[in-house]
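Structural overview
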Amino acid sequence: HCFVPYLCKGGGVMVPMITLDEVLGEEGATFIKMDIEGGEKEALAGAKQLIKKYRPKLAISIYHKPEDILEVPEIILSYHPGYQLYMRHYSLAAFDTVLYAVPGS
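Let me sum up the structure you'll find in this document. Quick caveat, the model's predicted, so the values are computed rather than measured.

1. What about the sheet that holds strand S3 (residues 83-89)?
Spatial ordering of the open sheet is given by S1-S2-S4-S3, a layout of four strands whose pairing is mixed. Every interior strand has two partners, whereas the edge strands, strand S1 (31-34) and S3, have only one. Put simply, the sheet's adjacent strands are angled 15° from each other on average, direction ignored. Taken together, the seven bridges between S3 and strand S4 (residues 97-103) define a ladder with antiparallel strand orientation. The residue bridging His 89 from the neighbouring strand is Thr 97, located in S4. This element, helix H4 (residues 68-79), spans strand S2 (57-61), S3 and S4 of the sheet and lies at about 155° to S3.

What follows is the structure, encoded as structure tokens:
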């Protein structure tokens, strides 16, 4: 079940969006945190150039969709294979799992 209509097919709510690449451009970023109810993969795609060029530290929620636990790390490593990945689970429930990506060499 989807609780956020603007991230669901057929939700009926239009929300204007802009990518992090467009917003930050040449300013760069040193840290990006995402907990956006299942939209993390799409948001990472919108930050691809930022991640490739500036290699910010990342904290990305990976509990909204079952496939995120495998696909989000693959996306990050495809942008820059030098990231070191760490996962931390913050509750006894089946949510609150965060993937941390720290730029290595």
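2. Regarding the nonpolar core
Of all hydrophobic cores here, the largest spans 17 residues; its most connected members are Leu 44, Ile 51, Leu 58, Ile 60, Val 72 and Ile 76. Those elements giving two or more residues to this core turn out to be S1, helix H3 (48-54), S2, H4 and S4. No other element matches the four residues that H4 contributes to this core. Residues within four places of Leu 58 in sequence aside, it is in contact with Ile 32, Ile 51, Ile 76, Tyr 83, Leu 99, Tyr 100 and Ala 101.

Conventions we followed
Residues numbered from 1 in each chain as written. Predicted model: local features only at pLDDT ≥ 70, side-chain atom pairs only at ≥ 80, totals over all residues. Heavy atoms only, no water. Pairing = 2+ DSSP bridges. Helix = DSSP H or I, 4+ residues; strand = E, 2+ residues; numbered from the N terminus. Axes fitted to C-alpha atoms, helices over the stretch in contact; angles between N-to-C directions. Contact = heavy atoms within 4.5 Å. Core = buried A, V, L, I, M, F, W, Y, C linked by side-chain atoms within 4.5 Å. Buried < 20%, exposed > 50% of the residue type's maximum accessible area, 1.4 Å probe, protein only.

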